[in-house]
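What follows is the residue order along each chain.
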Amino acid sequence: MKQFSGKILATIFILLAALFAAPVFSSADENSGKTARLYGAVFDKESKQPLPGANVFVLELKRGAATDENGAFSIDGLAAGRYTLVCRLLGYEEMRKTVIISTMNLKQDFYLKSNPIELQGISISAEKNKINLTESSQARQVLSEAELQKHRGQTLGETLKDIPGVTVLQTGPAIAKPVIRGLHSQRVLVLNAGVPQEGQQWGGEHAPEIDPFSPARIEVLKGAAGVQYGAGAIGGVIRLEPRDLRKSGGIGGELTLNAFSNNLQGAASLLLEGGLAKWPGFGWRAQGSLRRAGDAKTPAYHVLNSGFDERDWAAAIGYNAGRRSLEMHFSHFGTTLGIFRGSHLGNVTDLLRAIARGRPSTISSFSYDINAPKQNIRHNLLSLKSRFELANLGRLEMLYGWQQNHRQEFDAHAPFSSKPPSFPSFDLTLTTHTADVTFQHQPVGNFFGKVGVSGMRQGNVLAASRSLLIPNFRAYSGGVFMIESWVSGAWTVDLGGRYDYRWFKTFRRIDDNVVERIHDYSNVTGVVGLIYQFAPSWSIGANLGSAWRPPSLNELYSNGVHHGTAQFEIGDLNLQSERSTSLDLTLRHLSARGRAEISVYHNHMHNFIFLFPDPEPTLTVRGAFPTFRYQQAGARLRGFDGAVEYQLSELLQLGAAVAVVRGDNLETHEPLFQMPADRLRLTMHWHLPDWGRFASSFFELNATLVKRQTRFPQNVDYADPPPGYSLLDINLGTEFQFGGQPLRFNLSAQNIANQTYRDYLSRFRYFTDDPGRNVVLRLQMPFGTSE
């Protein structure tokens, strides 16, 4: 916060306020003319609920308007005459009406009939019914707030790992990084409240610093999405959105309490939100969360020093005036976490013995203590978001983001001493400013689209370091993009392009001199998508795209111990930009009894950058660590993933999800290192009938089967991939009234058979098993007035 400039914030506020006020004065001028205004609202014919996002346009004039959150629209400046109005919204039947405009304003409402596809989904809950047959040509998965409740209190990676095609790069119980189709870290863009998360996510460690209780909705887009989101989205995008602010008066909230048996974790989160009845449209929200855990437990022993202590809070205010809105959001994430003590060893002999032994040398008892090696992480995020509906033109959205990430890493012992260190061996502060402006034009015939521009300024300050991983640097980047869609009947065609430029200067201290070096990269991204709805409940989509990514700082400059992963990493200053050319085919089904999404993909990566093990460990004053070196080669990633759900009866639903990835080095003709193993997940979900005060009850049985990874480069790793494993989970939940308030109860047991296993993507698989049985109790109590 110290480095944040109040002047910058004040300037941005003034600019946004000026732009926010402009339509007020301009609308007054428009209404003073002799022309008339057509206004009204669009509703669902059956539920009578307003429909936001519908398009109403005047056929003869080739212009129109989109409905706002209340389903309202307005078209100004219509001369007297006879017009044909067309109202469209995906998932609903198109409606046309003929109206006669005089000099008087005219109100015209539309009541759209749902597409039969939507009506057939009566047995699918509204929360689950998120697959839209024609919304995206790429594989896409949405977790609603109801689905997120099953994972509250766990890391973001743990929350996403049940999505087919998404696995987890695990570094102890507190660090889990999502992997999409074999790609992770700088290749997967995480958007938090609309702002690209920039938290020193160098390499496989450093999970996104996000309160796991805050997202109300998570969307995962699999595959390259660089046209809209820039060079960081070469592998996929994860969008996390908080709750919408209230638009009406009243105060409400939600209390969530979690308890975990494995590491005796306790977690609590309190959400408060409200609005002003005298000022409709004004809303506010505040949330605070606590998580504290001790040592995790495998079936045979505790994992020493694997606890964490996390404290997060967030606040937001905003005003929504229908055609314009302004919102400010601030969040703080703070955690202290221990690093498994058995992964930081003093010499090469002890390191090799520990890997050969495969388990800790001493068995310890449970403890909440967090000792060295450990990490302190603080992450602050501020976002300012505004939206304007420009009459007859379209929608303008602006987003400014500021982030500051402070990371301190403490070694197991001080240099040349067995005592814990008094000062961090690594102390980094990363500050990032981002700005995005997007304009979505009114429909022109059958064409819909938007253009946008984005920019970023980033600086890193290294206050202390006993090794070189990330040098001090200053970076600037910018991009401009355009996406256009053509929709006609069962066909949808998407076309998009983008240009990005990135410049950064590094400052390295060598022999008491500061050595500067400039890097700059630029390139283009393009995509063509096609969707064909060949039956009422079936569609198929194809997406051909080309995206790129410049090498990151750690890939270029690393030459030291990566603390969390307990490995010595060596970069390469000669690395070039990656280029991905990918083809995805996605088949979707949505009907009354089931839904499915199955994708096959082929991704050719030119100059693919990867971390590869060196044969000999490295001995430093911080201890002995396995050595890994960044390399670059042509690569191919291909595979398939998907999920199927089928309503066998009124009470029983069956589901299956599968993910298969094949990664190959095209130069050595060997499999790529550390690709996810094949996995299959089977689900049986029983909807239990309401009983007395209990409602929405369910019982769920899940089985996860993971094969041993047999495709890996031979004789290069410090240990071969572990055996495959199977895990069995159960989950049950219900809702009932308690003291006049609804109470949601959820009890689950993960790895109920207490299976001993190690996942190939666990960074500590050289030294310890993964955690055993974990019984989780979740209570959620909404209170106050609901909107």
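Not measured: the values here are computed from a predicted model.

Draft legend 1. Fine view of the pattern of salt bridges. In this structure the tally under the stated criterion is 35 salt bridges. Of the charged contacts, one joins Glu578 and Arg549 as a salt bridge, the two residues approaching to 3.1 Å between their closest N and O atoms. A residue pair is termed long-range when its members are at least 10 positions apart, and Glu578 in strand β31 (residues 578–590) and Arg549 in strand β28 (residues 538–549) qualify at 29 residues. Under the relative-accessibility criterion, Glu578 is labelled buried at 1%.

Draft legend 2. Structural context of the sheet that holds strand β14 (residues 217–222). A sheet is described by the order of its strands in space; here five strands give the open sequence β9-β14-β15-β12-β13, paired in mixed fashion. What marks the edges here is a single partner per strand, and that holds for β9 (140–143) and β13 (195–196). Relative to strand β15 (residues 236–241), β14 runs antiparallel, the two sharing six bridges. Note that in β15 the partner of Val220 across the bridge is Ile238.

Draft legend 3. Examining the nonpolar core more closely. Among the nonpolar cores identified, the biggest contains 55 residues, and Leu337, Phe608 and Phe767 are the most heavily contacted of them. Judged by nonpolar contacts, the second largest core, of 20 residues, contains Ala54, Val56, Leu85 and Phe110.

Draft legend 4. Quick peek at the sheet that holds strand β6 (residues 95–101). Strand order across the open sheet formed by four strands is β3-β2-β5-β6, with antiparallel pairing between neighbours. The strands lining the two open edges of the sheet, one partner per strand, are β3 (63–66) and β6. Across the sheet, the axes of successive neighbouring strands diverge by a mean angle of 20°, strand direction being ignored. Strand direction decides the pairing type here: strand β2 (residues 55–58) and strand β5 (residues 81–88), joined by four bridges, are antiparallel. When the sheet's bridge partners are listed, Val58 is paired in β5 with Leu85.

Draft legend 5. Seen up close, the pairing of strand β32 (residues 594–613). Counting buried residues along β32, 14 of its 20 residues qualify, which places the element largely inside the surrounding structure. With 12 bridges connecting them, β31 and β32 associate as antiparallel partners. Bridge assignment links Leu583 to a residue of β32, and that residue is His602. Counting the residues between successive antiparallel strands, the hairpin from β31 to β32 contains three residues. Bridging between β32 and strand β35 (residues 627–647) involves 18 bridges; their strand directions are antiparallel. Paired with Gly594 across the strands is Tyr646, a residue of β35.

What counts, and where the lines are drawn
- Residues numbered from 1 in each chain as written.
- Predicted model: local features only at pLDDT ≥ 70, side-chain atom pairs only at ≥ 80, totals over all residues.
- Heavy atoms only, no water.
- Salt bridge = Lys/Arg side-chain N within 4 Å of Asp/Glu carboxyl O.
- Helix = DSSP H or I, 4+ residues; strand = E, 2+ residues; numbered from the N terminus.
- Buried < 20%, exposed > 50% of the residue type's maximum accessible area, 1.4 Å probe, protein only.
- Pairing = 2+ DSSP bridges.
- Core = buried A, V, L, I, M, F, W, Y, C linked by side-chain atoms within 4.5 Å.
- Axes fitted to C-alpha atoms, helices over the stretch in contact; angles between N-to-C directions.

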